[in-house]
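Spelled out from the first residue to the last, the chains are:
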Amino acid sequence: MITKKLHIKTASRLAHINKEIYGHFSEHLGRCIYNGIYVGEDSEIPNTNGMRNDVVSALKEMAIPVLRWPGGCFADEYHWMNGIGPKDKRVKMINTNWGGVTEDNSFGTHEFMELCDQIGCEPYLSGNVGSGTVRELSEWIEYITSDNVSPMTDLRKQNGREKPWHLKYLGIGNESWGCGGLMTPEYYACQYRQYQQFCKNYNGNKLYKIAVGPNGNDTNWTEKLMPYMQPSFTDAISLHFYTVPTGNWDDKGNATNFSEEQYHMTIRETQKIGPMIEEHLAIMDKTDPEHKIGLAIDEWGCWYNVEEGTNPGFLFQQNTMRDAVVAAINLNLFNRRADRIVMANIAQVVNVLQSVILTEGAKMLRTPTYYVFKMFKKHHDSTLVESTLENTILAHDGISYEDVSVSASILECGDLFITLCNANPDETYTIDTAIDESYSCFEASILTGEMGAHNTFDEPDTVKDCSYGGVALIGSHASITLPPCSIVTVQLKR
Ligand code: AHR
């Protein structure tokens, strides 16, 4: 067993961890919204106003703080007025990005806001810049948030919603460098400035405006965009980065049937987001030295080949312990940069890419990734403290990455909460932890399994969190055992 030293300084309070770092993303894509979340009021699947009760209750248990909608690429062809009013009169459209299927618009603005109410999370809208108009986006905000005498307020009331909704997060476009319009950064920046100008704050509702940021390591986009951004009208810029194990978009590898080499490649690829974030932040510093503009990583996660026999346009993939390790590494990393990262949204919440939930008819399962979000939820709105891990980059069959990742925070009650991940599939580590405070007792939990372990509809509980005894605590020293391929959380109490 190898020992690594971890030092935690609780006196060194570094940043507030926005709960929105634990956010999710839902798109009109495959079976995410339809079947996965929304089945309609007449469905035999138990539902409340059309929303699946099983999915809503699992998301509540995980304490999902914010949900992005309606896309993704879909957002830039979405015309919100087609998704309001009597359902039988709603205009149908082709979902050109995702399988060319018919979108009947039965899930629209009212349904999304109802979903967020049921879950108890903040809504995050992506506005259509690619094929929409300034007026269309401006009126959407008016429709949702205004209580003044106005045509959009009247329309909302006619459609059965008397009071305005609260709406904080607004994305102005999505991937405008790609599916959102193939724009240059300079052109998008001007579009952003114009569109956001007509998204007003009604009745005390204050919008938090997010501009389209770079695709992965495209530093040129950030360089060109940032000079046009001002904190008075830009709260954050986004970053999208997907982990593609092979690095080859034409053959991304399989979600469950993968080699040890592909596992190592996945961990190496996902850790590329760390230096990428630093590079973008350094560019942002040049025009925003006071760090008033945040970074919202509003699409991230693993992207594999679709499951055999499923529609290639639906991006349905299984989810294993490998995904859980990827999730833990990313969340620890986002926590550690909570001074600048204001939000993150894993893609996507149900049945698409790295989902926390999969459904099949009336059946539902929680994926290994789900349990990581559940185990880490105590970090929501906590205070990041300094944690320094003696780490070495280890090579696995010539593929190098950091095996162990960590972050630590102080909870509102004063307890210290530590989340650790051992990505090494072969080695157990003992983490010899020295803290500047003494504690009398602890609670710990673990998620572990073979790298390919996953849950199925017949065996939904193969991978599940459970309480953990692998911690020895004496005052200000804790010895934490991390089995291979494991995620461990420890709450230390005074
Ligand atoms: O999440 C799937 C797609 O990935 C989104 O629609 C798009 O924004 C990104 O390219």
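Please read all numbers here as calculations on a predicted model, not as lab measurements.

## Re helix α9 (residues 321-336)
The first and last C-alpha atoms of α9 sit 22 Å apart over 16 residues, in line with the 22 Å expected at 1.5 Å per residue. Of all the 16 residues making up α9, 14 are buried; the element is thus mostly covered by neighbouring parts of the structure.

## Some points on the pattern of salt bridges
Overall, the coordinates contain 25 salt bridges when judged by the stated rule. Ionic pairing is found between Lys157 and Asp147, a salt bridge with its closest N-O pair at 3.8 Å. Of this pair, Lys157 sits in helix α4 (residues 151-158) while Asp147 sits in the loop between α3 (134-145) and α4; the two residues are ten residues apart in sequence, bridging distant segments of the chain. Judged by relative accessible area, which is 29%, Lys157 ranks as partly exposed. Put simply, Lys157 and Glu162 hold a salt bridge, and the shortest N to O gap is 3.7 Å.

## Points about the site of the ligand
In the vicinity of the ligand, 13 residues are found, and the nearest of them are Glu27, Cys73, Glu175, Tyr242 and Glu299. The separation between an oxygen atom of the ligand and a polar side-chain atom of Asn174 is 3.1 Å. Note that an oxygen atom of the ligand is positioned 2.7 Å from one of the side-chain N or O atoms of Glu175. Burial of the ligand by the protein amounts to 93% of the accessible area it has alone, namely 290 Å². Here the shell around the ligand is built from residues that sort into seven nonpolar, three polar and three charged.

## Topic: the sheet that holds strand β12 (residues 294-302)
Strand order around the closed barrel formed by eight strands is β2-β5-β8-β9-β10-β11-β12-β13, with parallel pairing between neighbours. Geometrically, the sheet is characterised by an average inter-axis angle of 25° between neighbouring strands, direction not taken into account. Bridging between strand β9 (residues 169-172) and strand β10 (residues 208-211) involves four bridges; their strand directions are parallel. Residue pairing in the sheet places Leu170 in a bridge with Lys209 of β10. Along the sheet face, α9 touches β12 and β13 (341-347) and points at about 170° away from the line of β12.

## Focus: the state of the cysteines
Using the criterion set out here, one finds one disulfide in the structure. Paired through a disulfide, Cys73 and Cys179 show a sulfur-sulfur distance of 2.2 Å. The S-S bond linking Cys73 to Cys179 shows a torsion near -90°; that makes this disulfide left-handed. Note that Cys73 is positioned in the loop between β5 (66-69) and β6 (93-95) and Cys179 in the loop between β9 and α5 (185-197), a separation of 106 residues in sequence. Given the relative accessible area of 14%, Cys73 is considered buried. Not part of a disulfide, Cys190 finds its nearest cysteine sulfur in Cys199, a span of 16 Å.

Cut-offs applied
- Residues numbered from 1 in each chain as written.
- Predicted model: local features only at pLDDT ≥ 70, side-chain atom pairs only at ≥ 80, totals over all residues.
- Heavy atoms only, no water.
- Helix = DSSP H or I, 4+ residues; strand = E, 2+ residues; numbered from the N terminus.
- Expected span 1.5 Å × (residues − 1).
- Buried < 20%, exposed > 50% of the residue type's maximum accessible area, 1.4 Å probe, protein only.
- Salt bridge = Lys/Arg side-chain N within 4 Å of Asp/Glu carboxyl O.
- Near = heavy atom within 4 Å.
- Polar contact = N/O pair within 3.5 Å; in protein donor to acceptor, adjacent residues only side chain to side chain.
- Areas by Shrake-Rupley, 256 points an atom, 1.4 Å probe, with all protein chains shown as cover.
- Nonpolar A, V, L, I, M, F, W, Y, C, P; charged D, E, K, R; others polar.
- Pairing = 2+ DSSP bridges.
- Axes fitted to C-alpha atoms, helices over the stretch in contact; angles between N-to-C directions.
- Contact = heavy atoms within 4.5 Å.
- Disulfide = S-S within 2.5 Å.

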